[in-house]
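Residue strings, one per chain:
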Amino acid sequence: MALKAAQRLHSLGRAGRYIPRLFGNISQGDVCCASELRIAADRPIHHNCVLGRMGFSTITRDPSFLASGSVGLHKGSVFRFRLTQLHPPPEAEERLFGKRLAGCSSSRQVLRLLRHAETLSDVMAAGALHRVADLEQEGCSLRDPGVLEKDEVRSLCFQLEQDSGRLTDGGLVSALMACTRLFLDPWSTLVVRLVAESQERLDRGRMSVGELCTLGRALLALEGPGCGMLGQVMQQVQRRGPAAWSLAELLGVYRLLQDGAAEGGHQQALLHGMHAHALTLAPRMDAAAVSGLLEALVALEQSNAMPLVMALCRQAVRHVGGFTDDQLSLVLGVLMHFGHGDVHFVAAMERHVPRVAFTARPETVTRVAQYFGQRNILSRPVFDALAESFVYRADDYDTGQVARQILPLGKLGYLPPNAGEVFGKVEGILHTRFSQFQPRTLLSLLHACTLVERFPVNFVSKVFKSYFLQELQEPGTAMDRLVLAQLTQLYMTVKLECPFYGGPILLPKYRVKSFLMPGGSLETLVDVQLYNHVRSGLVTLLGARTYFASKVLTPYCYTLDVEIKLDEEGYVLPASHNDYVHKRVALCIDGHKRFTLSTRQLLGREATKQRHLRLLGYQVVQIPFHEFEKLKNQSEVVEYLHNKIFPKSYRLSW
């Protein structure tokens, strides 16, 4: 890139053209070399965007100012930026300008701020371009490409191009980064000059780590990970060593690696050193640093950095109330990705969510529900607040957000106090926006409703139609087994609990034989240790292992942890006997994973399983872990099991 840039500059020196100033008094000396800044569609930037075209014809350099250090802006009808060492803006003025830039809510306000500025340093000038990019970027293009035609932007870019050699290192790399964010043509004269000058500064080896990171990110945007200069940047970054970096430099390197410099896993040794240094700095990180670093760990697939994730989660507790909506969404997404939870973080969220449930962005509110649902945390303050806000805000949510807020209620088996209003709202949305739901999202939503005994009969009939079933299937593949399991349980629910249902049936080819499946299941596997203790007690109680069966698959897709068969008089039959069976006892040995974390409430799928088994004629006996763990010896275990299974019978001693 640097060689190409040098060749480009050589050709520009021969091809430059002189353009007279079009405003004010013109004399023979008032001419300048104005090379055209192009934004060309035929040579797109790395982002693959649709680009426009722009040239300069009205901007001039005033030769009376010699150069370096800051950019001066003349007021009047022609905007002229000059570089000068005579009157650089004070540091306090730079900070004030930065605050005013941050307060601009449109590019028009940024341009107005430029028109009223007395002097601008190169860093301030680059900052103005960055703010325009912040406000105009939308995906890989600008909302209003015409902003690049404004005199203020054109003048600023022209002066940065002409005086690239006199810019500070920080101003140079920041200006180059701003060009990539504005999607300027990589072969425009401005970008070429800035890249060539950056190569010269890089060869000197005097750039700070922060400046190297900015340069590296700009090079990634221009040429991708294969850029030759990027390798030189990474060599200089690694020579400094992570232990000597400041927090800002550490975050800058994480961002550089996240943007693509770590592609191929070549920087893992560097990352290990960075993780160790980040652990020491975590207690001093602010909200932006915590969220940014967590995002980088996910992007870099650092599953081995759990100590750092836990440290950042502890620090996040302090910033829960200070996170922006985007930052909080990011933190929750990362914690879900790593499967990490913290009781102090949950407590902070329980205080924070009720205050912001009505004002936070829809995606943030949805992420909160998802996080608590994924972690199996039944927090009544959180879900009650989300339920209240859902009633008033659901019309502003997209269909995916509606589903993702209801799914946790079904998973946790929780009905908020205003459940009638919540599910009334859901029904209204289904009536008005049924066709807008993605097929699998809709199926998951209807299934979640049944887990809390809310039966969407009017919509189930549509789901069982052949057209919808075809929509559920990915082209060229067999239908997902979890989807088939949801369909099967949904059908079982309406047949068992909605006897008035008269809609289409679910064809046998769409039904599964077992809800217990690897990778995704509608049942929870039995806790092995708890099962072994119960089995030992049952052998003592019943006299032999032959009088009960384990892991029995029923004709109704559910798997029983233990099944005991009784004859008409209540005597226990051997498990192998199928004749004279009058009653079947289903023991549900419920370990920790079948309950919510914060309360001793069965998960929605487990409560539904036990409800269905009772409707199918089984005598369901629940053996919850929190009761069983209180038993001190084998005799207490046997007595407990007898009272549970045969509450009205006298126990015999074998």
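Here, the structure is the one placed above.
Quick caveat, the model's predicted, so the values are computed rather than measured. (Residues numbered from 1 in each chain as written. Predicted model: local features only at pLDDT ≥ 70, side-chain atom pairs only at ≥ 80, totals over all residues. Heavy atoms only, no water.)

(A) Fine view of the packing of helix H3 (residues 107-115) against helix H5 (residues 151-162). It is the contact of H3 with H5, at a shortest axis distance of 9 Å, that shows an interaxial angle of 65°. Relative to H5, H3 is oriented so that their crossing is left-handed. For the pair H3 and H5, the contacting residues are Leu111, Leu114 and Arg115 in the first and Glu152, Val153 and Leu156 in the second. Tallied by class, residues from the contact of H3 with H5 come to 4 nonpolar, no polar and 2 charged. (Axes fitted to C-alpha atoms, helices over the stretch in contact; angles between N-to-C directions. Helix = DSSP H or I, 4+ residues; strand = E, 2+ residues; numbered from the N terminus. Left-handed = near helix turned anticlockwise from the far one by under 90°. Contact = heavy atoms within 4.5 Å. Nonpolar A, V, L, I, M, F, W, Y, C, P; charged D, E, K, R; others polar.)

(B) Highlighting the pairing of strand S12 (residues 619-624). Here strand S11 (residues 583-590) runs beside S12; their pairing, made up of 6 bridges, is parallel. From the neighbouring strand, Val585 faces S12, where its bridge partner is Gln619. Following the chain from S11 across helix H25 (residues 604-615) to the adjacent parallel S12, one finds a crossover that is right-handed. (Pairing = 2+ DSSP bridges. Right-handed = clockwise from strand over helix to strand, strands pointing away.)

(C) A look at the pattern of salt bridges. Counted according to the given criterion, the structure contains 24 salt bridges. When the shortest N-O distance is used, the salt bridge between Arg166 and Asp163 registers 2.0 Å. Each of Asp561, Asp590, Arg594 and Glu606 takes part in salt bridges that share partners, so that together they form one network. (Salt bridge = Lys/Arg side-chain N within 4 Å of Asp/Glu carboxyl O.)

(D) Representation of unusual backbone geometry within the structure. Of note, the phi angle at Phe183 is positive, near 60°, even though the residue is not glycine. Using a relative accessible area of 3% as the deciding quantity, one classes Phe183 as buried. For Glu453, which is not glycine, the phi torsion reads 60° and is therefore positive. Structurally, Glu453 can be placed in the loop between helix H20 (439-451) and helix H21 (457-463). According to the relative accessible area criterion, Glu453 is partly exposed, its value standing at 43%. (Buried < 20%, exposed > 50% of the residue type's maximum accessible area, 1.4 Å probe, protein only.)

(E) Focus on helix H9 (residues 228-240). Buried residues of H9: Met229, Leu230, Val233, Met234, Gln236 and Val237, and no others. Take H9 and look down its axis: the buried residues cluster within an arc of 165°, on one side only. Looking at H9, the residues exposed on the side facing more than 90 degrees away from the buried face are Gly228 and Arg239. Looking one or two residues past H9, Gly241 carries a phi angle of roughly 80°, positive in sign. (Arc of directions from axis to C-beta.)

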